[in-house]
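Structure at a glance
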Amino acid sequence: MYVVSGSASKNIASHLVRELSANIADVEIRRFIDGECYVRVKDDLEGEDVVIVQNTYPDENIIETILLKSAVKDMEPRSLTLVIPYFGYARQDRKFLEGEAVSAKALAEIIGEDVDLIVTVDPHKDYITEFFKTKAISCSAVPEIARYLADRDIDVVLAPDKGAVGRAKRASEILGCESDFLEKVRISDEIVEMKTKRIDVKDKTVAIIDDIISTGGTMAKAVEEMKKQGAKKIYVACTHGLFIGNAIDKIEKAGASEVISTDTIENAYSKVKVAPQIATILKENLIN
Ligand code: R5P
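Here's a quick rundown of the structure. (Residues numbered from 1 in each chain as written. Predicted model: local features only at pLDDT ≥ 70, side-chain atom pairs only at ≥ 80, totals over all residues. Heavy atoms only, no water.)

A cis amide bond, omega -10 degrees, links Tyr57 with the succeeding residue Pro58. Here Pro58 lies in the loop between strand E5 (49-53) and helix H2 (59-73). In this structure, Ser21 is a non-glycine residue whose phi angle is positive, near 50 degrees. Tracing the backbone through its elements, the reader meets Ser21 in the loop between helix H1 (10-20) and strand E2 (23-24). On the basis of relative accessibility, which here comes to 67%, the residue Ser21 falls in the exposed class. (Helix = DSSP H or I, 4+ residues; strand = E, 2+ residues; numbered from the N terminus. Buried < 20%, exposed > 50% of the residue type's maximum accessible area, 1.4 Å probe, protein only.)

As a further point, take the nonpolar core. Core analysis: the biggest nonpolar cluster contains 41 residues, and Leu16, Leu149, Ile278 and Leu282 have the highest contact counts within it. Per element, the largest residue contribution to this core is 6 residues, and it comes from helix H8 (residues 275-286). Dropping the residues within four chain positions of it, Ile278 is found in contact with Ile12, Leu16, Val83, Val119, Val121 and Cys139. Val41, Ala71, Leu80 and Leu107 belong to the second-largest nonpolar core, a separate cluster that totals 29 residues. (Core = buried A, V, L, I, M, F, W, Y, C linked by side-chain atoms within 4.5 Å. Contact = heavy atoms within 4.5 Å.)

Let us look at the packing of H1 against H8. Remark: H1 packs on H8, axes separated minimally by 9 Å, with the N-to-C direction vectors making an angle of 50 degrees. Accordingly, the angle class assigned to the pair H1 and H8 is oblique. For the crossing formed where H1 meets H8, the hand is right-handed. Taken together, the residues of H8 that come into contact with H1 (itself represented by Ile12, His15, Leu16, Glu19 and Leu20) are Ala275, Pro276, Ile278, Ala279, Leu282 and Lys283. By residue class, the composition of the contact of H1 with H8 is 8 nonpolar, 1 polar and 2 charged. (Axes fitted to C-alpha atoms, helices over the stretch in contact; angles between N-to-C directions. Parallel < 35°, antiparallel > 145°, perpendicular 65-115°, else oblique. Left-handed = near helix turned anticlockwise from the far one by under 90°. Nonpolar A, V, L, I, M, F, W, Y, C, P; charged D, E, K, R; others polar.)

Pairing is parallel across the open sheet formed by 6 strands, whose spatial order is E10-E9-E13-E14-E15-E16. What marks the edges here is a single partner per strand, and that holds for strand E10 (178-181) and strand E16 (270-272). Geometrically, the sheet is characterised by an average inter-axis angle of 35 degrees between neighbouring strands, direction not taken into account. Both strand E15 (residues 258-262) and E16 contribute to a ladder of 2 bridges, which runs parallel. Note that in E16 the partner of Thr262 across the bridge is Val272. (Pairing = 2+ DSSP bridges.)

Pairs of aromatic rings are described using the distance from one ring centre to the other and the angle between the two planes. Tallied over the entire structure, the rule returns 5 aromatic pairs. Geometrically, the ring pair formed by Tyr57 and Tyr86 is edge-to-face, given 5.5 Å between the ring centres and 75 degrees between the ring planes. Taken together, the positions of Tyr57 in the loop between E5 and H2 and Tyr86 in the loop between strand E6 (79-84) and helix H3 (103-111) put the pair 29 residues apart, joining distant regions of the chain. For Tyr57, a relative accessible area of 28% gives the class partly exposed. (Phe/Tyr/Trp six-rings, centres within 6.5 Å; stacked < 30°, edge-to-face > 60°.)

From the geometry alone we can't say anything about function, so treat these as descriptive.
Structural data, given as C-alpha cells:
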C-alpha cells in the first residue's frame, strides 16, 4: 500500500503510513510562477492500493487533489482511495435560494470521480457522503475530543446551534454529563447572534463543541452568553480549526479557558489526532 500526501495533510499522511505499515510515495508538488500547480508522482504505483490524503481547502488544494488523482490513476493502481480530512465547501449542503450551487454536491461529484473509496472526517452534515458517486465513509473526531476533555470535569456539553446537537450529545455520553444547545442566528459571514436561552450553567464547567471554527464569531458569542449565565470555566472544541483572522483572540477574549481542535487542518491548537480513526476505516475496507 502507498500513501500519497497532498501538501495540506502531511502529518496525517505520515501517521497513516505508520498505522498501515504502508509506503509513502515520492511526490513532487510545486507551483509555477503564475500560481498553477505541478504534480509528479515518482514511484510506479501500478497494481498498488493507493491512498491520497488531501484537504479540499483552501481552493488550491482542490486542484492539487485533482492532479494527484490523475497522476495516480494513469499508473493503473489496484485501488484508489481518497482521504479528505477536511472536506471544504460542505456548508452549502442544499439550496437555500433558487439558483444557488450546492457546493458540497458539486465538489463531491468532481473530487469523487475515478476513486474507489472516499474517507472523510466530520463532514458538516452526515448526508454529504451520499453526494459522492462512489462509496464514501465518514468518521467522527468527537469521541477523541471527548476523551481529550475527560480530565477537565465537564458538567455540560453544548452545541452552539441546533444543527450541531448530535455532536454535543455524543460527547456528553462519553463524558457522562448533560448536553444542550444554544440558538444561533447568523446575520452575515462574520456576525452571529445568540438568542438568550436559559441553560443551567451557573458555576459549572462547560464544553462547547462544533464541527468548524472559522471566524470564531459563533464560538465567541456562545462563550460570551454562557459567561453571562454564570459558567465557571468554558472549553471550546472543534474538529476543523480554520481560525480565520483573529478567531482565537475573539474566543479567548470572550472568556474561553482553552481552544481545542483536531489536526484535520494543522495548526497550533491541533491537540487531537484523527489518523487512528481514518486508519481503522482503511484497515476494514482495504486490507484483506
Ligand atoms: C456552521 O453551521 C458551522 O457548523 C460552524 O458553526 C461555522 O462554520 C462557524 O463559523 P464561524 O466560526 O465563522 O462563526
